[in-house]
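Fold and contact review
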Amino acid sequence: MSWKRTADAVVIGGGMMGMATAYHLAKLGMKDVVLLDKNTVSSGATGRCAAAFRATWGGELNIILGKACIEKYEHLSEELGMDIGLYQNGYLFMAYSDAQLENFKNCIKLQNSLGVPSRLLTRDEALELCPGLFVDDIKGFYWYKRDGHADPMLTCFAHQEAAKREGVKVEKFTEVTGFKMTAGAVKGVCTNKGYIDTNIVINAAGSWAGRVASLAGLAIPVHGERHEIFATEQVEFNVCPTFLMSYDPDFYMQQRPNGSLIAGCGPSRYRKEAAPFNDAELGDCWNFLEYMTGILTHVLPRTKGVRVVRQWSGMYDITPDMQPVIGEADDLKGFWMNVSGSRGFMFGPVAGEMVAEQIINGYTALPIEKFHWNRYARGEYLLDTAIA
Amino acid sequence: MSDCCCNHDHSKVDFAKMEEDIVVCRCEEVTMKEIREWIARGYDTFDELKRLLRVGMGPCQGRGCREIILREISRAKCVPVSEIPSGTIRPPVKPIKCELTARKGGDFE
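Note that the coordinates shown come from a computational prediction; the quantities given were computed from them, not determined experimentally. (Residues numbered from 1 in each chain as written. Chains lettered and ligands numbered in written order. Predicted model: local features only at pLDDT ≥ 70, side-chain atom pairs only at ≥ 80, totals over all residues.)

**Re the domain arrangement of chain A**
Residues and elements named next belong to chain A.
- What the domain assignment lists for chain A is domain 1 (9-48 + 153-222 + 321-377) and domain 2 (88-148 + 224-318).
- Centre-to-centre separation of domain 1 and domain 2, based on C-alpha positions: 30 Å.
- Each partner contributes to the interface: domain 1 provides twelve residues, whereas domain 2 provides eight residues. (Domains from an automatic or database assignment. Contact = placed C-beta atoms within 7 Å.)

**A few points about the interface of chain B and chain A**
- Chain B puts 22 residues into the contact, and the matching count from chain A is 29 residues.
- Taken together, the elements giving at least two residues each to the side of chain B that touches chain A come down to α3 (46-53), β3 (96-97) and α5 (98-101) of chain B.
- Per element, the largest residue contribution to the side of chain B that touches chain A is four residues, and it comes from α3(B).
- The class makeup of the residues in the side of chain B that touches chain A is nine nonpolar, four polar and nine charged.
- Sheet analysis places strand β17 (residues 307-318) of chain A next to β3(B), joined by two bridges and oriented antiparallel. (Helix = DSSP H or I, 4+ residues; strand = E, 2+ residues; numbered from the N terminus. Nonpolar A, V, L, I, M, F, W, Y, C, P; charged D, E, K, R; others polar. Pairing = 2+ DSSP bridges.)

**Structural notes on the environment of A:Met30**
Residues and elements named next belong to chain A.
- If you trace the backbone, Met30 turns up in the loop between α1 (16-27) and β2 (33-36).
- Overall, the presence of 20 C-beta atoms within 10 Å leaves Met30 in the buried class.
- As for Met30 and Lys72, which are separated by 42 residues in sequence, their C-alpha atoms are 22 Å apart. (Buried ≥ 20, exposed ≤ 12 C-beta atoms within 10 Å, placed from the backbone.)

**Some points on the sheet that holds strand β18 (residues 325-328) of chain A**
All names here are of chain A.
- Strands sit in the order β8-β2-β1-β12-β19-β18 across an open sheet of six strands; the sheet is mixed. Among the strands making up the open sheet, the edge pair consists of β8 (169-171) and β18. Direction aside, neighbouring strands of the sheet carry axes that sit 20 degrees apart on average.
- Note that strand β12 (residues 201-203) and strand β19 (residues 335-339) share three bridges and pair parallel. Across the sheet, the residue bridging to Val201 is Phe335, located in β19. (Axes fitted to C-alpha atoms, helices over the stretch in contact; angles between N-to-C directions.)

**A look at helix α4 (residues 98-113) of chain A**
Residue and element names in this part refer to chain A.
- In a regular helix each residue adds 1.5 Å, so 16 residues correspond to 22 Å; α4 covers 23 Å between its end C-alpha atoms and thus fits that length.
- Within α4 the residues assigned to the buried category are Phe104, Cys107, Ile108, Leu110 and Gln111.
- Contacts from the buried residues of α4 go to α2 (60-73), β4 (91-95), β5 (119-121) and β6 (140-144).
- Of the residues one or two after α4, Gly115 is the one with positive phi, at around 85 degrees. (Expected span 1.5 Å × (residues − 1).)

**Some remarks on the environment of B:Gly87**
Residue and element names in this part refer to chain B.
- Mapped onto the fold, Gly87 is located in the loop between α4 (66-77) and β3.
- Under the C-beta neighbour-count criterion, Gly87 is labelled partly exposed, with 19 such atoms within 10 Å.
- C-alpha separation for the pair Gly87 and Leu70, spaced 17 residues apart in sequence, amounts to 9.0 Å.

**Quick word on the environment of A:Gly210**
Residue and element names in this part refer to chain A.
- As for its placement among the helices and strands, Gly210 is situated in helix α7 (residues 209-214).
- It is 31 Å that separates the C-alpha atoms of Gly210 and Arg165, two residues lying 45 residues apart in sequence.
- Once you skip the residues sitting within four places of it in the chain, Gly210 turns out to touch Ile220, Pro221, Val222 and His223.

**A look at the pairing of β6(A)**
Residues and elements named next belong to chain A.
- Among the five residues of β6, five are classified as buried, and the element is accordingly described as predominantly covered.
- Along β6, one buried face is formed by Gly140, Tyr142 and Tyr144 and the opposite face, lined by Phe141 and Trp143, is buried too.
- Alignment of β4 against β6, held across five bridges, turns out to be antiparallel. Each residue of the ladder has a partner; that of Ala95, found in β6, is Gly140.
- Note that β5 and β6 share three bridges and pair antiparallel. Opposite Arg119, over in β6, you have Trp143 as the bridge partner.

The structure is reproduced here in structure tokens:
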């Protein structure tokens with residue numbers, strides 16, 4: 001395996017955001033694309049995430065992006081030539097307060113206006129979707145059929161296999177240590193394995209993207225927040241046949257087609273220290289297991305005898321408005337960011353294509369300029385009321 | 001013909017081929033053939049094979065397959081098995097029923 005000393009573009013990060021970017025750059029005709037990961041492909045947030053995608057957001061941009069992602073996900077297996085474990089039976093959103101129900105109604109109104117036909121469900125309809133659900137304390141439900149989940153590792157590896165066929169070189173265990181820059185433009189990438197000459201760098205390092213950007217002298221506000229999650233043994237599929245989600249208390253649970261239940265929640269529920277969190281280390285805690293199995297057995301009482309087989313954690317990439325940070329640096333030509341704001345698996349296949357089109361064609365159909373981080377300097381924040 | 005009491009010609013048995021059908025990860029039903037193929041395609045760490053094929057993600061959490069897979073990686077890379085990273089081992093130590101850990105008095109009480 002020979003080291004490429006020059007490249008047309010270097011992508012940093014082998015998660016969904018980076019791998020999709022590399023694949024689309026090559027697919028659009030770029031000859032020499034190199035992707036670097038300091039560990040292995042899919043070893044960061046993508047390989048640790050809750051596996052879901054949705055269009056049911058509370059902000060216009062997220063709905064537009066989410067809708068594009070669903071359309072993408074529905075055809076990914078065919079496009080990439082590898083099964084990605086797609087499963088679509090909606091997110092069932094559950095309101096435990098009147099305030100949340102009001103929020104749902106506003107979200108539905110906005111979603112419907114943007115071509116996402118989500119709707120409120122009655123208790124009976126919710127029970128039909130998920131027969132084992134404890135509904136006595138739930139004030140209302142809403143749902144959109146085309147939301148769903150897929151296997152994040154397979155989706156990322158499917159992109160990797162397709163990218164390799166297009167000529168992309170993937171270098172694992174390769175960590176970026178610095179950049180070569182001249183007169184406001186990036187000229188190369190220094191790594192622990194060697195140097196690569198390039199005029200285009202795409203930083204898709206997720207929660208590490210802020211630190212990678214700082215190596216190029218850029219102050220871009222992205223940091224990590226550790227979230228925990230667990231998986232159970234495989235049980236009969238109808239225990240949780242739709243993705244269940246609540247914002248307050250914030251938690252989610254779902255069942256993969258293989259029968260394994262996956263469940264998680266936000267860190268402020270079980271961590272002793274107060275938010276905001278700025279985490280550099282992964283790790284698992286007993287508090288989370290106690291708290292989250294408590295939620296799971298309350299919401300789905302039939303899970304009391306189901307066994308947890310594995311718990312783990314992953315990094316959310318946190319931005320000031322919890323929204324994507326995407327675009328070319330104003331002061332450093334050729335240095336691109338492609339960071340999702342903690343939705344890399346969900347948005348990656350579309351965000352990767354969007355960035356690749358912008359780099360190669362100078363144009364893309366989606367409103368990429370809205371995601372530039374120079375909005376923060378102007379005091380503009382992208383708002384969304386439907387973030388857990 | 002061999003000296004064996006059966007009438008099969010053992011000299012024609014292809015043991016490498018026979019091994020391919022062995023189910024290495026019984027929880028997720030992954031065969032030696034699949035593992036060897038994907039190692040050859042560059043998925044040459046336990047954690048990559050785990051994420052790709054789900055080996056070690058079932059109820060036994062790799063107790064049955066880990067050693068065999070590490071040996072295959074070692075063989076393919078010509079590196080001693082002692083130098084192959086064993087892959088991440090996660091809690092809990094044994095599968096544990098949700099009702100035994102579930103905390104009462106949380107957000108729902």
